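Analysis of the macromolecular model
Below are the chains, spelled out letter by letter.
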Amino acid sequence: MNCEVCQLKELEVEHFEIREVLRCILHTIVFHRALGLVRPKVIDLELFDITYVQCGDGELEKKIDEKIEQFISWVEKHPNKKSQVCISFYEVKNKHPSWFTNKTERLYWEQWYINLNVSQQQKVHSGKSHPSKIVVDPGENSLEERSNRRAALESSLREVLFQIIKFVNEKKDHVPPISDGVVYFPYEITIPSSSDSAFGMDMIKRMLQTGHPTMLS
């Protein structure tokens, strides 16, 4: 099966911006790959003048938030490193049965790589119990510099959202047939491992060895 890959534009973010940026991108991708009836929920970002749409699925939101928290924990342990989050869509197929096994396999047909360069210029507070409350310690940078940096990130995030829409509209031939009653294609979200190896090289090695990324629980 042909697996289409989309490398999204790299974004330079500060620690306290990770959560909103990843929510915006991941939910946008899943929304545009939704199949059945969804209840669109419009979300206005707190940090940027950007609006995006979620599918209005509580379980989906929980799963995405869990992965984002895992990624943030990884960033805190590996500062000043470029990193990726990958969301992969797949089909589940039965392997050829044998005397001993009757297993299924995942056939990946689309992968999105979200590329982030996290700046460690300042300390921030963003408790897990109140993820929507964002408090930033005063930094040494001038207000003008911070305003310019924020405007540049907002512009880049808009470019990423347009990149997603363009890819979805242009790349259709690889999308598998739709099953009745299915709302979402099966997917998984992969974050960097706890090792210090570069995520990109690590993913390539896994794909060469197994044919698809290793799933992280």
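See the structure printed just above.
Thresholds applied
Residues numbered from 1 in each chain as written. Predicted model: local features only at pLDDT ≥ 70, side-chain atom pairs only at ≥ 80, totals over all residues. Heavy atoms only, no water. Axes fitted to C-alpha atoms, helices over the stretch in contact; angles between N-to-C directions. Helix = DSSP H or I, 4+ residues; strand = E, 2+ residues; numbered from the N terminus. Parallel < 35°, antiparallel > 145°, perpendicular 65-115°, else oblique. Left-handed = near helix turned anticlockwise from the far one by under 90°. Contact = heavy atoms within 4.5 Å. Nonpolar A, V, L, I, M, F, W, Y, C, P; charged D, E, K, R; others polar. Buried < 20%, exposed > 50% of the residue type's maximum accessible area, 1.4 Å probe, protein only. Core = buried A, V, L, I, M, F, W, Y, C linked by side-chain atoms within 4.5 Å. Salt bridge = Lys/Arg side-chain N within 4 Å of Asp/Glu carboxyl O. Phe/Tyr/Trp six-rings, centres within 6.5 Å; stacked < 30°, edge-to-face > 60°. Lys NZ or Arg CZ within 6 Å of the ring centre and 35° of its normal.

Time to look at the packing of helix α1 (residues 18-32) against helix α3 (residues 143-170). Direction vectors running N to C along α1 and α3 enclose 15°, while the axes themselves pass 10 Å from each other. As summarised for this structure, α1 and α3 are arranged roughly parallel, according to the angle between their axes. The hand of the α1/α3 crossing is right-handed. Contact with α1, carried on its side by Val-21, Cys-24, Ile-25, Thr-28, Ile-29 and His-32, involves Leu-157, Val-160, Leu-161, Ile-164, Ile-165 and Val-168 of α3 and no other residues of that element. Class assignment of the residues belonging to the contact of α1 with α3 gives a composition of 10 nonpolar, two polar and no charged.

Another point: the packing of α1 against helix α2 (residues 58-77). Close contact between α1 and α2 brings their axes to 10 Å; oriented N to C, the two are set at 140°. Comparing their axes, α2 and α1 come out oblique. Between α1 and α2 lies a crossing of right-handed hand. Between α1, through Ile-18, Arg-19, Leu-22, Arg-23, Leu-26, His-27 and Val-30, and α2, the contact on the second element is made entirely by Leu-60, Glu-61, Ile-64, Asp-65, Ile-68, Glu-69, Phe-71, Ile-72 and Val-75. Counted by class, the contact of α1 with α2 contains 10 nonpolar, one polar and five charged residues.

Turning our eyes to something else, we now look at the environment of Pro-177. If you trace the backbone, Pro-177 turns up in the loop between α3 and β9 (187-190). Owing to a relative accessible area of 69%, Pro-177 belongs among the exposed residues under this scheme. Considering only alpha carbons, one finds Pro-177 and Glu-91, 86 residues apart in sequence, at a separation of 9.9 Å.

Moving on, we come to the nonpolar core. Within the largest apolar cluster, 48 residues are counted, with the highest numbers of intra-cluster contacts made by Ile-25 and Trp-112. Only β2 (11-14), α1, α2, β5 (82-94), β6 (104-119), α3 and β9 provide two or more residues apiece to this core. Looking at this core element by element, the count peaks at eight residues for α1. Other than its neighbours up to four places away in sequence, Trp-112 contacts Cys-6, Leu-8, Ile-29, Val-85, Cys-86, Ile-87, Phe-89, Ile-164, Phe-167 and Val-168.

A complete count under the given rule lists 15 salt bridges for this structure. A salt bridge links Lys-9 to Glu-159, with the nearest nitrogen and oxygen atoms 3.0 Å apart. Highlighted residues: Lys-9 in the loop between β1 (4-7) and β2 and Glu-159 in helix α3, separated in sequence by 150 residues. On the basis of relative accessible area, Glu-159 is assigned to the partly exposed category, the value being 41%. Through salt bridges that share partners, Glu-14, Glu-17, Arg-146, Arg-149 and Arg-150 make up one connected network.

Right, let's get into the packing of aromatic side chains. For the structure shown, the criterion picks out six aromatic pairs. Pairing Phe-89 with Trp-109 gives two aromatic rings, centres 5.6 Å apart and planes at 35°, and the pair type is tilted. Taken together, the residues span a long stretch of sequence, with Phe-89 in strand β5 and Trp-109 in strand β6 at a distance of 20 residues. A single burial state applies to Phe-89 and to Trp-109, both of which are buried. Between the aromatic rings of Tyr-90 and Tyr-108, the centroid separation amounts to 5.5 Å while the plane-to-plane angle is 50°, which identifies the pairing as tilted. Taken together, the residues span a long stretch of sequence, with Tyr-90 in strand β5 and Tyr-108 in strand β6 at a distance of 18 residues. Residue classification places Tyr-90 among the buried positions, given a relative accessible area of 8%. Under the relative-accessibility criterion, Tyr-108 is labelled buried at 7%. Through pairs of rings, three or more aromatic residues link up here, namely Phe-89, Trp-109, Phe-185 and Tyr-187. The ring of Tyr-187 has Lys-63 sitting right over it, with the charged end atom 4.2 Å from the ring centre.

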